Amino acid sequence: MQRCRVVKGHIMAVIVTQCIPLKIRGLFKFCYRTKLQMTWNSGGRREFSCSAARRYAATVLSGTAIARQIHKEIQASVERLVGQGGRRPHLAVILVGDDPASRVYVRNKTRAASLLGISSSALLRPAGVSQAELLELIDQLNRDWRISGILVQLPLPGHINERAVCNAIAPEKDVDGFHIVNIGKLVLDQRTMVPATPAAVWEIIKRTGIETVGKNVLVVGRSKNVGMPIAMLLHSDRNHERTGGDATVTIAHRCTPREQLKHHCQLADIVIAAAGVPQLITSDMVKEGAVVIDVGINRIQETDTGRVRLVGDVDFEGVYQKAAFITPVPGGVGPVTVAMVVKNTVTAARNALAH
């Protein structure tokens, strides 16, 4: 600390560098290296002000912790629904083929449903099932009043038209939010079944207390199931029927040149990576203090051990040193996505009871 003499009628300053812990809504903690300026006014009283200099590391947003919050809300909602005379919600999941990753996703969804008081069934069909057979199965589930929500695990084999399958599910039972009616309502800012992964991103942002109004957001990825719905949620008016983020949103994709992608990234207050490209977003692309949400789930094989591990679209170790907030892979968006599928199922059951 630099000492100085107080002269009557003048303000003298002392600069102290120290570490100050901060909190966001009591959920997450991070630390800044700050310069604390201590001054004396003419009355001899000390006054303090500080400015951030260098951050040690980002706050890692635990999707598992946020999912637990949502789970409690779902359990309470299910009990209220049953207490009002409604049937316990039931989720039907259709799995075509034997893709290991898809099997894991289906198991996670049915397990989460069971733990939260929702019944579920997994309907397995071989990879060679015809599109006509699959559409017939969906029609049967649409007409079954015991089924609250229907989900077809994607991707499907190449000989099946995914859009035709998604549109075959009754919109009111479409817990994935992929039906053309639900997508249309999403674009028009109306209440609807929001796709689970975009809904998960939105929940993480809201529950963490991250400001979106007037912020620059970059969504890297333009898929109609993930990238586009995320952009719709974040750019739309918060005063509409379905509240939005009021952000200025830019969408980049696989055809965006690397230098342009870097330029847009450096301008963004919030970066949402959903391109499906391992470690696409690196530390040199992200500005200091940005929020980085990694939607990517990529399986890569390590050359030395041969072990397969999950990585996101973000170079976590590098970006972690610059971002204010970052989600990990695994344990970030994934657990919240599963929770939102179950939440949509409860919403579907409640809407059915109301009608």
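Everything discussed here concerns the structure shown above.
The structure displayed is predicted, hence computed values, not measured ones. (Residues numbered from 1 in each chain as written. Predicted model: local features only at pLDDT ≥ 70, side-chain atom pairs only at ≥ 80, totals over all residues. Heavy atoms only, no water.)

## Quick word on the overall build of the protein chain
- When its secondary structure is counted, the protein chain shows ten helices and 14 strands.
- With 355 residues in all, the protein chain has 46% of them scored as buried.
- A separation of at least 24 residues holds for 64% of the contacts in the protein chain among residues at least 6 apart in sequence.
- Split by element, the accessible area of the protein chain, about 17,900 Å² in all, is 52% carbon and sulfur. (Helix = DSSP H or I, 4+ residues; strand = E, 2+ residues; numbered from the N terminus. Buried < 20%, exposed > 50% of the residue type's maximum accessible area, 1.4 Å probe, protein only. Contact = heavy atoms within 4.5 Å. Areas by Shrake-Rupley, 256 points an atom, 1.4 Å probe, with all protein chains shown as cover.)

## Regarding the nonpolar core
- With 53 residues, the main nonpolar core has Ile74, Val201, Ile230, Ile272 and Val295 as its most contacted residues.
- The element contributing the most residues to this core is helix α10 (residues 333-354), with eight residues.
- Residues Ile281, Met285, Val319 and Ala323 belong to the second largest nonpolar core, which totals 19 residues. (Core = buried A, V, L, I, M, F, W, Y, C linked by side-chain atoms within 4.5 Å.)

## Details of the sheet that holds strand β5 (residues 90-96)
- Taken in spatial order, the three strands of this open sheet run β6-β5-β7, and their pairing is parallel. Of all the strands in the sheet, just β6 (119-125) and β7 (149-152) have a single pairing partner and so form its edges. Averaged over all pairs of adjacent strands, the angle between strand axes in this sheet comes to 15 degrees, irrespective of strand direction.
- Examined bridge by bridge, β5 and β7 share four bridges and lie parallel to one another. Directly across from Ala92, in β7, lies its bridge partner Ile150.
- Docked against the sheet, helix α3 (residues 131-143) engages β5, β6 and β7, running at close to 180 degrees with respect to β5. (Pairing = 2+ DSSP bridges. Axes fitted to C-alpha atoms, helices over the stretch in contact; angles between N-to-C directions.)

## Here's the deal with the packing of aromatic side chains
- On inspection of all chains with the given rule, the structure shows one aromatic pair.
- Seen in terms of ring centroids, Phe316 and Tyr320 are 5.6 Å apart; in terms of plane orientation they differ by 25 degrees. Their pairing is stacked.
- Among the residues examined, Tyr320 registers a relative accessible area of 25% and is labelled partly exposed. (Phe/Tyr/Trp six-rings, centres within 6.5 Å; stacked < 30°, edge-to-face > 60°.)

## Regarding helix α5 (residues 180-187)
- Looking only at α5, the buried set comprises Asn182, Ile183 and Leu186. On an axial view of α5, the arc spanned by its buried residues comes to 100 degrees, and they lie on one face.
- On the buried face of α5, the contacting elements are α7 (227-235).
- Two residues or fewer past α5, Asp189 is found with a positive phi of approximately 65 degrees. (Arc of directions from axis to C-beta.)

## Some points on the sheet that holds strand β10 (residues 270-273)
- Spatially, the six strands line up as an open sheet ordered β4-β14-β11-β10-β8-β9, and their pairing is parallel. Looking at the sheet topology across the chains shown, the edges are occupied by β4 (59-60) and β9 (248-252).
- Pairing of strand β8 (residues 216-220) with β9, which is carried by five bridges, proceeds in the parallel orientation. In the strand pairing of β9, Asn216 is matched with Thr248.

## Quick word on the pairing of β10
- Across the two faces of β10 the burial is the same, with Ile270 and Ile272 and Val271 and Ala273 all buried.
- Here β8 runs beside β10; their pairing, made up of four bridges, is parallel. Bridge pairing links Val217 to Ile270 in β10.
- Pairing of β10 with strand β11 (residues 291-294) involves four bridges; the strand directions are parallel. Among the inter-strand pairings, Ile270 is bridged to a residue of β11, identified as Val291.

## Comments concerning unusual backbone geometry
- The omega torsion of the bond from Leu154 to Pro155 falls at 5 degrees, within 30 degrees of zero and hence cis.
- By the element assignment, Pro155 lies in the loop between β7 and α4 (162-168).
- Note that the residue after Val329, namely Pro330, is joined by a cis bond; omega there is -5 degrees.
- Assignment of secondary structure puts Pro330 in the loop between β14 (325-326) and α10.
- The phi dihedral of Asp189 is positive, around 65 degrees, even though this residue is not glycine.

Geometric values such as these leave the question of function open.
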